[in-house]
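Here are the chains, one letter per residue:
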Amino acid sequence: MIIMKKIVIMLGIAFLTGCSDFIDLVPPSTATVGSVYKTDKDFKDALVGCYNALRSQYGVFWQWDLASDDVRHQWNTLDIRRNLDEYTYQNNEGFFSSRWNGYYSLIYRANYILQAIENIDEGIVPKKQEYIGEAKFMRAIGHFDLVRAFGDIPLITKVMLDDEAIQTGRTSVNAVYEQIISDLKDAGEVLPEKYTGSDVGRVTKGAAKAILGRVYLTHHLFSEAEAVLKEVTTMGYELLPNFNDLWNYSLDEHHSEYIFDIEYESDIQLGSSFTNDFLPQQAEIAQLYGIPGAAGNSNTPSDALFEIFEDNDSRKDVTVARGWTDADGVYHEINSAQGAKTYTKKYLTAIPRFNDSPCNWKVIRYADVLLMLAEALNENNKTAEALMYVNKVRIRANVSPYPNNISKDALREEIYDERRRELSFEGHRWWDLARTGRVLKACGLEDRPYMVLFPIPLSQVQVMNNSDIFPQNPGWD
């Protein structure tokens, strides 16, 4: 596992956030980029800063799904979690500005590395092309998460100072996707297929291509998605035989189904909060597992999600548990009077202290690739071939495969539901609804169509103060 140690690399150069934040990139006593980044180790260490930025962003990535139909926030807490769940969020929410600033911080760091390495001799930095690929992946994933949340965004592909940044407006969604696709293609050409030792956890060729497939699918480029996702199926990934092993944290998380995780490590102050975040704060649950849930009961599965599982589906109890079986074999349901009546066990594991979990965040795993490929094939009128991939996921879950005579339209709906069963609480539901045009109906927002996009952070609109190049999203003024 790559240990995301905090490296202090400081330089007072502003990045595009529209406020007075600064990115720390090199020691303040250093005058130029070239005097800092010289060796292979310099660039490798600089990239750790990009991974650190991802750790911050994905530590709360689950909160986006509170706006979906599969997750409920139970308590009447006055914060972004309730606002997302009830669609009462505004354009001045700190959650949106933190996500915006954090992703542009990541993009800035990637651009800085790309600028610094451009004229470096490969004899001095033998892994130059690899580091370029890694930085382009980081820039791509930053832009991708931003564009699907906010629509038109500033497309930043070079280091900017304040005076230039303040004049940079929003770029069209299509142009942003063109750059994302270009960056991921480039990354997929030069990244290694795998790492060993302490480098395990860094971005690989398979990760770049799998995320590229997700980008194509999101942008409705189904033929391109089919091609690259098929390529991923030839790269040695396999489903684990037992779905529950994905959530057994006594086993190595870097297994045959792993493609790219955000890495966390407990007991060295680099753990995640997922174990606590995904457990309800109820006395009986805390007593049963010896782990307190986080305040708010923010990750309660909806009744609708619970009901789409067949009883014999091996994913059901892990994904949407409603109780537990004691040592005597007696089943107990949660006391629903205390709040949540359903919870997920996907992040349930022993932890040394509160918010110090070893659980990684699974950005993409092989089952996701198979379901995306099935979706792309089906949209490309290859329903029979699509069945092969979606049924692999179903058979692993101990449920019957879909029949050979299923229609294209019927299979489309089944794949949508299969993604819910397989990938719930892994940060996919809202984005799946958005990219397939189902948000408004699924979430009861037909009278508020503007809510397909989230609001541009108010602070950014105010600082730019130019509606010609930097308008707020419609409906959010």
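Residues numbered from 1 in each chain as written. Predicted model: local features only at pLDDT ≥ 70, side-chain atom pairs only at ≥ 80, totals over all residues. Heavy atoms only, no water.

Peer 1: So what exactly am I meant to see when it comes to the overall build of the chain here?
Peer 2: Along its length, the chain carries 18 helices and eight strands. Here the C-alpha radius of gyration of the chain, 22 Å, is about what a compact globule of 477 residues would show, namely 23 Å. Residues counted as buried form 60% of the 477 residues belonging to the chain. A separation threshold of at least 6 residues defines the contact pool for the chain, and within that pool the share at least 24 residues apart is 69%. For the chain, the accessible area works out to roughly 18,900 Å², and carbon and sulfur atoms hold 49% of it. (Helix = DSSP H or I, 4+ residues; strand = E, 2+ residues; numbered from the N terminus. Rg over C-alpha atoms; globule rule 2.2 N^0.38 Å. Buried < 20%, exposed > 50% of the residue type's maximum accessible area, 1.4 Å probe, protein only. Contact = heavy atoms within 4.5 Å. Areas by Shrake-Rupley, 256 points an atom, 1.4 Å probe, with all protein chains shown as cover.)

Peer 1: Please clarify how the confidence of the model for the chain should be interpreted in this entry.
Peer 2: Averaged over the chain, the pLDDT score is 89; the fraction of residues at 70 or greater is 91%. pLDDT under 50 marks residues 1-35. Its contacts with residues more than four places away, or in other chains, come to 96 contacts. (pLDDT = per-residue confidence, 0-100.)

Peer 1: Please clarify how the pattern of salt bridges should be interpreted in this entry.
Peer 2: Opposite charge on two side chains lets them pair, provided their charged atoms get close. Scanning the model with the defined rule gives 46 salt bridges in all. Here Glu418 makes a salt bridge to Arg421, at a shortest N to O gap of 2.9 Å. In this pair, Glu418 and Arg421 both sit in helix H15 (residues 408-423), three residues apart, roughly one turn of the helix. One network of salt bridges, in which partners are shared, links Glu257, Glu310, Asp313, Arg315, Lys346, Arg365, Arg394, Arg396, Glu418, Arg421, Glu422 and Glu426. (Salt bridge = Lys/Arg side-chain N within 4 Å of Asp/Glu carboxyl O.)

Peer 1: Please clarify how helix H13 (residues 366-379) should be interpreted in this entry.
Peer 2: Turn by turn, an α-helix covers 3.6 residues, leaving residues three or four places apart pointing in a common direction. If you check H13, its first and last C-alpha atoms are 20 Å apart, about what 14 residues at 1.5 Å a residue would give, namely 20 Å. Phi turns positive, to about 65°, at Asn381, one or two residues after H13. (Expected span 1.5 Å × (residues − 1).)

Peer 1: I tried to follow the pairing of strand S8 (residues 361-365) on my own but got confused; where do I start?
Peer 2: Every regular strand shows the same layout, with side chains that alternate between the two sheet faces. Among the five residues in S8, five count as buried, and that is most of the element. As defined by bridge partners, strand S4 (residues 258-262) adjoins S8 across four bridges and the pair is classed as antiparallel. Note that in S8 the partner of Phe260 across the bridge is Ile364. (Pairing = 2+ DSSP bridges.)

Peer 1: What am I meant to see in helix H8 (residues 222-232) here?
Peer 2: Considered for burial, the residues of H8 that qualify are Ala225, Glu226, Val228, Leu229 and Val232. Elements that come into contact with the buried residues of H8 comprise helix H7 (205-218), S4 and H13.

Peer 1: For this particular structure, what's the right way to read the side chain of Asp356?
Peer 2: Positionally, Asp356 belongs in the loop between strand S7 (331-333) and S8. At a separation of 3.3 Å, a polar atom in the side chain of Asp356 contacts the main-chain amide nitrogen of Gly271. Sequence-distant contacts of Asp356, defined by excluding residues within four places in its chain, comprise Glu265, Ser266, Asp267, Leu270, Gly271, Ser272, Asn276 and Ile351. (Polar contact = N/O pair within 3.5 Å; in protein donor to acceptor, adjacent residues only side chain to side chain.)

Peer 1: Can you help me understand the nonpolar core in this one?
Peer 2: Soluble globular proteins tend to bury their nonpolar side chains together. If you look at the biggest cluster of nonpolar residues, it comprises 131 residues, and the most contacted ones within it are Tyr58, Phe137, Phe150, Phe260, Trp361 and Phe454. If you tally residues by element for this core, the top one is helix H3 (residues 94-117), at 14 residues. Apart from residues no more than four positions distant in its own chain, Phe454 is found in contact with Trp64, Ala67, Leu84, Tyr89, Phe96, Ala149, Phe150, Trp430, Trp431, Asn473 and Trp476. Leu279, Trp324, Ile334 and Tyr343 belong to the second-largest nonpolar core, a separate cluster that totals nine residues. (Core = buried A, V, L, I, M, F, W, Y, C linked by side-chain atoms within 4.5 Å.)

Peer 1: Where do I start with the layout of surface pockets in this structure?
Peer 2: Unoccupied space between atoms shows up once a probe the size of one water molecule is rolled over them. Its boundaries defined by the atoms lining it, the second largest pocket holds a volume of some 320 Å³. Together, 15 residues line the second largest pocket, and Glu193, Lys194, Tyr195, Tyr237 and Tyr258 are the ones closest to its centre. Considered class by class, the residues forming the lining of the second largest pocket number six nonpolar, six polar and three charged. (1 Å grid on protein atoms, 1.4 Å probe; cavity = no way out; pocket = protein on both sides within 12 Å on 5 of 7 lines; lining within 4 Å. Points joined across faces, edges and corners; volume = space filled by probe spheres on them. Nonpolar A, V, L, I, M, F, W, Y, C, P; charged D, E, K, R; others polar.)

Peer 1: Looking at this structure, how should I read the packing of helix H4 (residues 128-150) against helix H6 (residues 173-190)?
Peer 2: Contact geometry of H4 with H6 gives a least axis separation of 8 Å together with a crossing angle of 150°. Between H4 and H6, the interaxial angle falls into the category roughly antiparallel. Our pair here, H4 against H6, has a crossing hand that is left-handed. Within the contact between the two elements, H4 uses Gln129, Glu130, Gly133, Lys136, Phe137, Arg139, Ala140, His143, Phe144, Val147 and Arg148 and H6 uses Val173, Val176, Tyr177, Gln179, Ile180, Asp183, Leu184, Asp186, Ala187 and Val190. Within the contact of H4 with H6, the residues separate by chemical class into eleven nonpolar, four polar and six charged. (Axes fitted to C-alpha atoms, helices over the stretch in contact; angles between N-to-C directions. Parallel < 35°, antiparallel > 145°, perpendicular 65-115°, else oblique. Left-handed = near helix turned anticlockwise from the far one by under 90°.)

Peer 1: Would you explain the packing of aromatic side chains in this entry?
Peer 2: The geometry of an aromatic ring pair is captured by the separation of the ring centres together with the interplanar angle, meaning the angle of the planes. Within this structure, the stated rule accounts for 36 aromatic pairs. Judged by centre distance (5.7 Å) and plane angle (65°), the rings of Phe95 and Phe96 are edge-to-face. We note that Phe95, like Phe96, is buried. Sitting over the ring of Phe306, Arg322 keeps its end group 3.6 Å from the ring centre. Across the ring face of Tyr402, the terminal group of Arg394 is positioned such that the distance to the ring centre comes to 4.1 Å. (Phe/Tyr/Trp six-rings, centres within 6.5 Å; stacked < 30°, edge-to-face > 60°. Lys NZ or Arg CZ within 6 Å of the ring centre and 35° of its normal.)

Peer 1: What is the right way to read unusual backbone geometry from this model?
Peer 2: Both trends apply: most residues other than glycine have a negative phi, and most peptide bonds are in trans. The residue Tyr87 is not glycine, and still its phi comes out positive at about 60°. In this fold, Tyr87 is placed in the loop between helix H2 (80-86) and H3. For Tyr87, a relative accessible area of 11% gives the class buried. One non-glycine residue, Asn465, lies in the positive phi region at around 50°. Mapped onto the secondary structure, Asn465 falls in the segment after helix H18 (458-464).

Peer 1: Even after reading the chapter, I still don't get the environment of Glu310, so can you show me in this structure?
Peer 2: Structurally, Glu310 is set in the loop between helix H11 (303-307) and helix H12 (316-319). Leaving out residues up to four positions away in the same chain, Glu310 has contacts with Lys316, Arg394 and Val399. In this structure the side chain of Glu310 is engaged in a polar contact, spanning 3.2 Å, whose partner is the side chain of Arg394.

Peer 1: Just to check I follow, could you spell out the environment of Ile285 for this structure?
Peer 2: Within the secondary structure layout, Ile285 lies in helix H10 (residues 283-289). The class for Ile285 is buried, based on a relative accessible area of 0%. Residues Ile285 and Arg72, 213 residues apart in the sequence, show an inter-C-alpha distance of 18 Å. If near-sequence neighbours (up to four positions away) are discounted, Ile285 is found in contact with Leu279, Pro280, Gly290, Ile291, Trp324, Ile334 and Tyr343.

Peer 1: Looking at this structure, I do not really get the packing of H3 against H4. What am I missing?
Peer 2: Each pair of packed helices gets described by two things: the angle between the helix axes and the distance between those axes. Look at H3 against H4: their axes get within 9 Å of each other, and the N-to-C directions meet at 155°. Taken together, H3 and H4 sit at an angle that is classed as roughly antiparallel. Classified by chirality, the crossing of H4 by H3 is left-handed. Residue composition of the contact of H3 with H4, grouped by class: 17 nonpolar, three polar and five charged.

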